[in-house]
Every structure is written in C-alpha cells, then in structure tokens.
Amino acid sequence: MAALKSVDFAVDKALAKDFLNNFADALGEPKYLNILQDVANRKRRAIHIELDDLVDYKDLDEAFLQRVTENTRRYINIFAEAIDELMPEPTEVFPVDEDRDILMTQRVDDGMDNVDNSDPLQKMPSEIRRFFEVYIKAFSKGTPFTVRQVRASHIGQLVKISGIITRCSDVKPLMQVAVYTCEDCGFEIYQEVTARVFMPLFECPSNRCKINKAKGNLILQLRASKFLKFQEARIQELAEHVPKGHIPRSLTVHLRGELTRKVAPGDVVELSGIFLPIPYSGFRALRAGLVADTYLEAMSITHFKKKYEEYDLKADEQEQIERLAEDGDVYNKLARSLAPEIFGHEDVKKALLLLLVGAPHRKLSDGMKIRGDLHICLMGDPGVAKSQLLKHIINVAPRGVYTTGRGSSGVGLTAAVQKDPITNEMVLEGGALVLADMGICAIDEFDKMEESDRTAIHEVMEQQTVSIAKAGITTSLNARTAVLAAANPAWGRYDLRRTPAENINLPPALLSRFDLLWLILDRADMDNDLEMARHVVYVHQNLESPSLGFTPLEPSVLRAYISTARRIAPSVPRELEEYIATAYSSIRQDEAKSNAPHSYTTVRTLLSILRISIALARLRFSETVAQSDVDEALRLMQMSKFSLYSEDRQKSGLDAISDIYSVLRDEAARTNTMDVSYACALNWISRKGYSEAQLKECLEEYAALNVWQIHPSTFDIHFIDA
C-alpha cells in the first residue's frame, strides 16, 4: 500500500511539473514559468494555480483534475514540491531579508556535517526553505454555493461560497515550523505545525543525546522559526439566500499569508477554499466529545463591489466614460439612471447622485478637517418611494449599510464593546456608521428613532468620528460616511395648518447638519397622477421602466463613472467668491423676512453650497467650479422646499405669471437696476421652481401691458417705469 502511494505521489508530481512547465497563456507566453521567475526575484509571494488553466491545458488528464478538486489540501503540497524543483535562479538583485537569508545560508553550510540523516526531526523541512505560498483557485464559471448548501460530502473539496463578511479578527502570526536548538549536542531540531495548537518538544530527540543518555534541554528559537500571517473571519449567507422562516447561517473562514487583510466587515464577497473539519481544543473538547467544527481554508477572494479607489477601468469602460463625459446632458442622464422604475423625483435623484459623488475632504494646515460628504434627509408623506430610493442607492454604492430607526440602538449605530470569543478580551465591534466608513449609511424611519439614540449621529455628521469611552476602552473611530435619512413628518402626513418646524419635528442641531432637507409632499394633481398611474402599471406588467429616451446606465457603469469623477478635486475660483457670499446673505435675508422659516440657515448652509457645487464640477470632470454649478446648487436647495412654496403661492392667491413678475420686480429693485439680462431672470425664477416656458409667457404678457421692453434677439428686459 505504501509503495502504491509513493508511485501515486510521484505520478501526480510529474503531472504537476509538466503542467507548470508547459502551460502557455493566450499570447503563447509560459504563464507559470514567468510567475516562478517573479517569485525567484522576490517580486511576489503568492502563486495561484487556476483550475480554468488546468481545463484549458492541451495534455489534460481528467482524473488528475478530479483528484485536485476533491483532495485539494494534498495537491497544494504536491504543487509546492513541483515548484521547489522547477524554481529558477534569480535574474535580478533583490533586497536581502537579513534574518531569513543569513539563517538559510548557515543551515545549508552546516547541513552537511551537522545532520544525522537517520533522524527525521533533524532533516530540514521543505516548508522552511520556501518563500512562496501556493493557492489553488476554483473555476470562475458556475454559481457559488450558499453557506447552507455546503454539506458533509464536500469535506476536503474545493468549494466556492458567496456571502457577507460579518467579523474579522486581527492579523496574528501562526507558527508553521518550530525550530529548537539543543543545549547539549547543539543540533537544530525542526517540528512542523499543521494545526492551530501544537505540543512543544522539551527533550532532544537526536541520536547523539540518546546514545549519551542525556535529556538535552531544547530552546525554542523564535527568530529561526517560520511564521505565517493568519486571520479569522466569519462569512454569513446573504439575505436573499435565506429560506422562509430561517435565520442566516455563518461559517468560519481561515485566511493565511497573502490573503489576510483583503476583507473587512460588511464586504460582499465570493470565496473559494477547502472545506475542512477542525476538532475542538481545550475545555470545549471535553463538552463536544466526538463532534468537530468545520471551517473554510480560503484560497481566493473576489469582491462583488470594488471600492472607488480600487477601480481599474477596462478599455471598453474607459471608452464609455469618455463618451458620457463629452455628452452635454450627462448630469441628467446619470440622475435619471438612478432607480428608473420610480416615477418623477428628477431633482431628488440629482441630489442623490451628488451624494454618491461627494466633495473631497479638506484638511487645513493646523490639522482641522472640513468634511466633504453630503448628508441628505428625505422627508415626505407615506408612499412617495423614499425607502425604495434608499435601497437603490445602497445597491449602487460600493460600500453601503442600510438600517432602520426602530431597529437601531445608539451603540448599534456607533460601536459596542463585546467579549472576543477567541482571546476573551474586551474588543470594540463597529456599528452601522463605522461599517459604512468611506461609504453611505442609509437610515430609514429616521423620525421613529429614540431621541437618545439619535444624538449618537450628531458627532458623526460633522466631525466624522465616533468617540468611545467604555469598559476601559477610550478611543476615536473613523466614520467618514455620508448619511442618507428618510423620515415621515410629525403626524405621519404633512399638516399644512401647522408650521414647517412643527411638521419636521427634528432638532435644529440635527437639521443644520443636513446639506439638503428634501420635503416631498403627496399632492393631488390630475395630470401628474394619471402619468404616475400609467408608469406604475407599465412597470408592473413589463418589470422594467418605460422608455426614457436613452438606455439607463447599469449600476456598474455608474460606479465606474463616479469612481473616475471622485479622483478630481475641483477648486473654487476667486471671481466666484463674491457671488457665493451674496447668494448666501440673500438666503439669510429671505429667512429673516418670512415669519415661519422652512429651514435653519447657518454657516453650514454656505459650506453645503460649496460642497454641492464641487460635486457638480466633479461630474463634469472639471478642475474648477463654474457659476452654473453654484446656480444649480442654489436651485437644488430651493427646489428641496418647492412643494411648500407651491402651497404658499396657493394661499397667497398668486398665479405663476404674477409671481414671476413680482420676483423679477423685487430683484431689479434690490439690485437698483432698470435692465435685467435674460440669464439672470431665468436663474432667479428657476430658484423659485418655475420653468423657462412660464418666464417667456410672463415676458410676453407684461410687454403687451407696456411694463417692460424685450430685446428681440437676446430677450433681455428693460423696465419702462421705475
């Protein structure tokens, strides 16, 4: 039986060597020999052997492929031994790793005269010579398993699992080869460690000590031993894979070597790895009896959504983005591609697009930080698709966390102190806002949160940190997150008889932190309701949105475009400073005049105008902010309260034409001028929510009454009577 096994091992090793030697990629290059040369030159450590390549190999042995898939742990060792024999000499000078290389040179020199070949513990294990790691990567095609589909029949096999990472331990060193020296005979003794725990040697097992009957004392040489980076993670199945009435299952994942630090809690990933049993150790073993635990030895990691910084654009994506950037209507196209199934809400979608783009964080010379993330609150009547918009934004954003007001406590949003099951120490577990660092945190039912829990968000929204002083842990965690909140007004629906402040029912300290507070009122309007009903019925029948006049962009394209836009850091030119300052002061004046202000205008509002303008400049791939960006930012701020202004106008009894006239007259009087340019007039009335068609109608009507004269080509206005 032993002879048969050794033949088997030799045959498989020969097959592995043959594959590594002769496999060529699409360009005819020897793929694995090139990788081995890079390893010899110390440019890389990980060698990924892909099963797809084994299938494409011209001299494929089907039985060998099956053995690799079903007994992967053994074949990693076989491939590693084949690589040892094939490893080429280095062709480049590389920096010497002093400890390791000096020790290895000494061992090779001493090896001839020091080692007694009859003693297996004195033979240097091949593991200690290796400066590379071998991983076998599963097939790229085929749907991955969910956690509950991995069964006992898969033990020892290479499986592919998809899920969400719920927790990650710190990276710790794991001993791979323990090296001892004997105080009596001076020999170096090696002990290979294959499990999480091992029993150290205390007595020298060398032949010399046995002959001398000396129980040589062994000293563990930590600098000479070989350690490997080790991290433990937990993967949980995705909500859509959980059957009715069940709770999600989770599985422990062991990450070693180059695969550590590749995942963080909250990442949706696809892991391929070897499904293995692990016996319980310590006191748990007494209770468990013969029962073993299972874990996944990770071999490769694929992220479903890459972070913006990690985006490597393919050639066709780059081309598509360049085409989009040259399109004059890119802002509208991108906004309308967000949740195209939801009718209307064009301006809300524009605001949400700017939330995804954001502005760069500013760090001043004295270390003070100014946030760049936009915060938006959607407040509206029931049934205006607030939650659907939130869900869609989380789907588009590479890093997003969705939570609801009632299901979140203060510590659930910020950070909780828990006992680590492995080390029994008190550790911090990040909450939703910390998990959404450099991403978006969507909080639904924001108005239904407890007041004590809501105060946890104040610090995150302005300082972008979470400060903790609990259980002897005093620290500050990063939470550079954009908050997107959805809430209902105080009495479920907006009550027009009460003031906006009474309806909104959020403290001013919180309201001023939102860059845009969007009020969406559900008003009865015959034409609008008909269009919406047709749209909803169409979506229900065809499971897609009606034609938008262009093909809506896929979330992956949106992510690629936004990742490119986020690399730009536009600046505000000097000539716009006065314009922005005047716009801000006029907003303050308007608020002072009105008896029931719709919002709280503070200096934060000025910063919001700057942030929105910079996000708009980023969308155009521009290095500087233009006046049109500032105008659009002011228009969005005005439009966020548009549904209220329409109510105010109805109360005052003014029709649209009369209101436009009063706006133009007041602005001309304020600037003390008789001539108003058409562009200025359009800018003023668009902030009040009127269209260009209504402006032209007003100009014609009042020109017929001889109130003003209109320039025939430029449409500029000249008032006749002061």
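Residues numbered from 1 in each chain as written. Predicted model: local features only at pLDDT ≥ 70, side-chain atom pairs only at ≥ 80, totals over all residues. Heavy atoms only, no water.

Chemist: How would you sum up the nonpolar core? Please name residues and give values.
Modeler: Within the largest apolar cluster, 60 residues are counted, with the highest numbers of intra-cluster contacts made by Leu-354, Ile-440, Leu-484, Trp-518 and Ile-612. The dominant element in this core, judged by the number of residues it contributes, is helix H12 (residues 346–357), at 8 residues. Beyond its immediate sequence surroundings of up to four residues, Leu-354 is in contact with Tyr-331, Leu-374, Ile-612, Ala-615, Leu-616, Leu-619 and Leu-636. (Core = buried A, V, L, I, M, F, W, Y, C linked by side-chain atoms within 4.5 Å. Buried < 20%, exposed > 50% of the residue type's maximum accessible area, 1.4 Å probe, protein only. Helix = DSSP H or I, 4+ residues; strand = E, 2+ residues; numbered from the N terminus. Contact = heavy atoms within 4.5 Å.)

Chemist: Give a detailed account of the sheet that holds strand S20 (residues 482–487), specifying residues and quantitative values.
Modeler: What holds strands together in a sheet is hydrogen bonding between their backbones, with the strands either parallel or antiparallel. Taken in spatial order, the 5 strands make up an open sheet running S14-S17-S20-S13-S21, and their pairing is parallel. Edge strands, defined here as strands with exactly one partner in the open sheet, are strand S14 (400–404) and strand S21 (516–520). Shown here is a sheet whose adjacent strand axes are inclined to one another by a mean of 15°, direction ignored. Taken together, the 5 bridges between strand S13 (residues 376–380) and S21 define a ladder with parallel strand orientation. (Pairing = 2+ DSSP bridges. Axes fitted to C-alpha atoms, helices over the stretch in contact; angles between N-to-C directions.)

Chemist: Let's hear about the side chain of Asp-444: which residues, and what values?
Modeler: If you trace the backbone, Asp-444 turns up in strand S17 (residues 440–444). Despite its burial, Asp-444 pairs with no opposite charge, the nearest such side chain being Lys-386 at 6.6 Å. Side chain to side chain, Asp-444 and Tyr-402 meet in a polar contact 2.8 Å long. In this structure, Asp-444 is in contact with Ser-387, Leu-390, Tyr-402, Thr-403, Thr-404, Gly-405 and Ala-486, ignoring residues within four places of it in sequence. (Lys, Arg positive; Asp, Glu negative; His and termini not counted. Salt bridge = Lys/Arg side-chain N within 4 Å of Asp/Glu carboxyl O. Polar contact = N/O pair within 3.5 Å; in protein donor to acceptor, adjacent residues only side chain to side chain.)

Chemist: I'd love a proper account of the environment of Met-674, names of residues and values included.
Modeler: Mapping Met-674 onto the fold places it in the loop between helix H25 (656–671) and strand S22 (675–676). Note on Met-674: relative accessible area 32%, which makes it partly exposed. Expressed as a C-alpha distance, the spacing of Met-674 and His-718, which sit 44 residues apart in the sequence, is 5.7 Å.

Chemist: For a nonpolar patch on the surface, give the residues involved together with the corresponding values.
Modeler: Together, Leu-220, Leu-222 and Phe-227 make up a nonpolar patch on the protein surface, roughly 260 Å² of accessible area in all. Looking at the element boundaries, Phe-227 is found in strand S7 (residues 226–236). With a relative accessible area of 36%, Phe-227 lands in the partly exposed category. (Patch = residues over 30% accessible without salt bridge, like charges linked within 9 Å, V, L, I, M, F, W, Y side chains within 5 Å. Areas by Shrake-Rupley, 256 points an atom, 1.4 Å probe, with all protein chains shown as cover.)

Chemist: I'd like a rundown of the sheet that holds S22, residues and numbers included.
Modeler: Read across the open sheet, the 3 strands follow the order S22-S24-S23; overall the sheet is antiparallel. At either margin of the open sheet sits one strand with a lone partner, and together these are S22 and strand S23 (708–710). Of the strand pairs in this sheet, S22 and strand S24 (residues 717–719) are connected by 2 bridges, and their pairing is antiparallel. Looking across to S24, one finds that Asp-675 is bridged to His-718. Packed onto the sheet, helix H27 (residues 692–704) meets S23 and S24 and runs at close to 125° relative to S23.

Chemist: With reference to specific residues and values, describe the packing of aromatic side chains.
Modeler: The geometry of two aromatic rings is summed up by the distance between their centres and the angle between their planes. Applying the stated criterion to the full structure yields 12 aromatic pairs. Seen in terms of ring centroids, Phe-64 and Phe-79 are 6.2 Å apart; in terms of plane orientation they differ by 55°. Their pairing is tilted. With Phe-64 in helix H4 (residues 62–70) and Phe-79 in helix H5 (residues 72–86), the pair connects residues that are 15 residues apart, well separated along the chain. Given the relative accessible area of 4%, Phe-64 is considered buried. What makes Phe-79 buried here is its relative accessible area of 0%. Residues Trp-708 and Phe-719 carry aromatic rings whose centres are separated by 5.5 Å and whose planes lie at 85° to one another, so their mutual orientation is edge-to-face. Linking Trp-708 in strand S23 with Phe-719 in strand S24, this pair joins segments that are 11 residues apart in sequence. On the basis of relative accessible area, Trp-708 is assigned to the buried category, the value being 1%. Put simply, the rings of Phe-19, Phe-23, Tyr-32 and Tyr-57 touch in pairs and so form one group of aromatic residues. (Phe/Tyr/Trp six-rings, centres within 6.5 Å; stacked < 30°, edge-to-face > 60°.)

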